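Each chain, letter by letter, is given below.
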Amino acid sequence: MVSSWIGEKCFRTIHRHNLVYNTCWEDPRLDREALQLSSDDSVLVITSAGCNALDYLLQAPRRVFAVDLNPLQNALLELKVACIRTLSFDEFFCVFGTGGAAQWPAWYRGRVRKALSPAARSIWDRRIDFFDASTRRKSFYFRGSSGYFAWLINAYIDRVAKVRESIQSVLDAPSIQDQQRLFHQGEVRQSIWRPMIRWMIRRDATLSMLGVPRLQRRQIDVGYAGGIEQFIIDRLESVFTRLSLADNYFWRVYLTGSYTPTCCPEYLKRENFDRLRDHLIDRLETHTNSVAGFLRQHDEPVSRYILLDHMDWMCGKDRGPITQEWQAIVDRSDEHARVLWRSAGLSCGFVDTVEVATRDGRRTRVGELLQYHPELASSLHARDRVHTYGSFFIADISAA
């Protein structure tokens, strides 16, 4: 009980006062296939680091609403937007592609700062060194709580295990077969899973830094043979040996601290920069609020919802938050609404049991209002480049 209380307190402290996610850990390539966005769609996405909000924007929907309770996550997306508006592509890629530049303080003070809201300006005035490459954590992708853990892992790779060259050879391997050979025959596999690393990944404090609440951890411990430790081992080994790393920018940035021009999110590609700046960026809004709070204040129907792994955060005994959120989603959805979410668990049946009121006043379970697409979800989930979730859900919301 004491360890549970400490873990939950650690998680709340980290998430209330820190930038947690410096990059998104959901694969938007899958989401694009699942969402089938059109120019008529309005999209609600939980902001996280804002990468995927910009990715969806490139599909030219009518509107993208990025919603997050953590103001630092929204400030990060606002900073990306301000940089798109005021910097050249090469400067922009230095900041968010390589993770920083010595010229950043001059760029920020001279151009970027004036394009920020007062709230975001206050946040980044105090964190200008996140991007200037002047400290021991030279990359922005080693900042924030998840970034700090990435920095520790990279220090371990470089100074303890001393397998940087081997890790890089796996990342740069020309084929999956070469990845498998290098991972199993070289030093990588043995070095990664030393006792110290295994001990770290079992700690609630470590998982809190990575944005994993205890409720989510519990789903894995209960539903996966070997619990959280074996889940992480199996998932990471699948990434290295079963999925192509050629365009896996999620793991490249985590293991190196930077992207490359050919292995990066869509918003960081040269061909997409002008489209965002000149035609699409004005369709994006950020809102510091809960999903339910935003929807209650929003007057227009929403047709696409991307809820990340948010359901896992509300799967405890208190049904109030998850009921309020699904009630708001049902109330605000248009007749063709579709919702996506991911879960650490292999199933997510607790969502179906949530009771909401339909528009005609009757009470019904959410599961009765959702038309799932399990075959599409399963097919896409198998190709997930992040590969750290247990399941993926795609569902249409029937008229209520």
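This section reports on the structure supplied with the text. (Residues numbered from 1 in each chain as written. Predicted model: local features only at pLDDT ≥ 70, side-chain atom pairs only at ≥ 80, totals over all residues. Heavy atoms only, no water.)

Structural notes on the packing of aromatic side chains
Stated precisely, the cut-off is as follows: Only Phe, Tyr and Trp rings are paired, with Trp represented by its six-membered ring, and only when their centres lie within 6.5 Å; those with planes under 30 degrees apart are stacked, over 60 edge-to-face, the remainder tilted. Going along the chain from the N terminus, every DSSP run of H or I of four or more residues is numbered as a helix, and every run of E of two or more is numbered as a strand. Categorising residues by exposure relies on relative accessible area from a 1.4 Å probe, with only protein chains included: less than 20% of the type maximum marks a residue as buried, more than 50% marks it as exposed, and the intermediate range marks it as partly exposed. Counting as a charge over the ring demands two things of the Lys NZ or Arg CZ atom: a distance within 6 Å of the ring centre and an angle within 35 degrees of the ring normal.
By the definition in use, this model includes 26 aromatic pairs. Between W25 and W251, the ring centres sit 5.1 Å apart and the planes meet at 85°, which makes this aromatic pair edge-to-face. You can see W25 sitting in the loop between helix 1 (2–17) and helix 2 (28–35) and its partner W251 sitting in helix 16 (residues 249–256), a full 226 residues away along the chain. In this pair, the class of W25 matches that of W251, namely buried. Between W104 and Y108 the ring centres are 5.5 Å apart and the planes differ by 40°, which places this aromatic pair in the tilted class. Linking W104 with Y108, this pair stays in helix 6 (residues 104–112), spanning four residues, or about one helical turn. Pair check on accessibility: W104 and Y108 agree, each one buried. The ring of W151 has R137 lying over it, and the distance from NZ or CZ to the ring centre is 5.8 Å.

Focus on the side chain of S303
Our working definition: Residues adjacent in sequence count toward polar contacts only when both atoms are side-chain atoms; beyond that, a polar contact is any pair of N or O atoms within 3.5 Å, and within protein one must be able to donate a hydrogen and the other to accept it. Should any heavy atoms of two residues lie within 4.5 Å, those residues are counted as being in contact.
Tracing the sequence through the fold places S303 in strand 4 (residues 302–306). A residue is classified by how much of its surface remains accessible, and S303, at 1% relative accessible area, is buried. At a separation of 2.7 Å, a polar atom in the side chain of S303 contacts the side chain of D41. With near-sequence residues (within four places) excluded, S303 lies in contact with D41, S42, D334, H336, A337 and R338.

Details of the sheet that holds strand 5 (residues 333–343)
The condition is simple: By the convention used here, strands pair only if DSSP detects at least 2 bridges between them. Structural elements are reduced to axes, namely lines fitted to C-alpha atoms, with helices fitted over the stretch in contact, and the angle between N-to-C directions of any two is expressed from 0 to 180 degrees.
Spatially, 3-2-1-4-5-9-8 is the arrangement adopted by the seven strands of the open sheet, whose pairing is mixed. The outermost strands of the open sheet, each flanked by one partner alone, are strand 3 (284–288) and strand 8 (370–372). Here the average twist between neighbouring strands, direction ignored, is 20°. Where strand 5 lies against strand 9 (residues 391–397), six bridges are found, and the strand directions are antiparallel. Note on strand 9: the bridge partner recorded for W341 is F393. Most of the contacts of helix 21 (residues 374–381) go to strand 9, to which it runs at about 145°, and overall it touches strand 5, strand 8 and strand 9.

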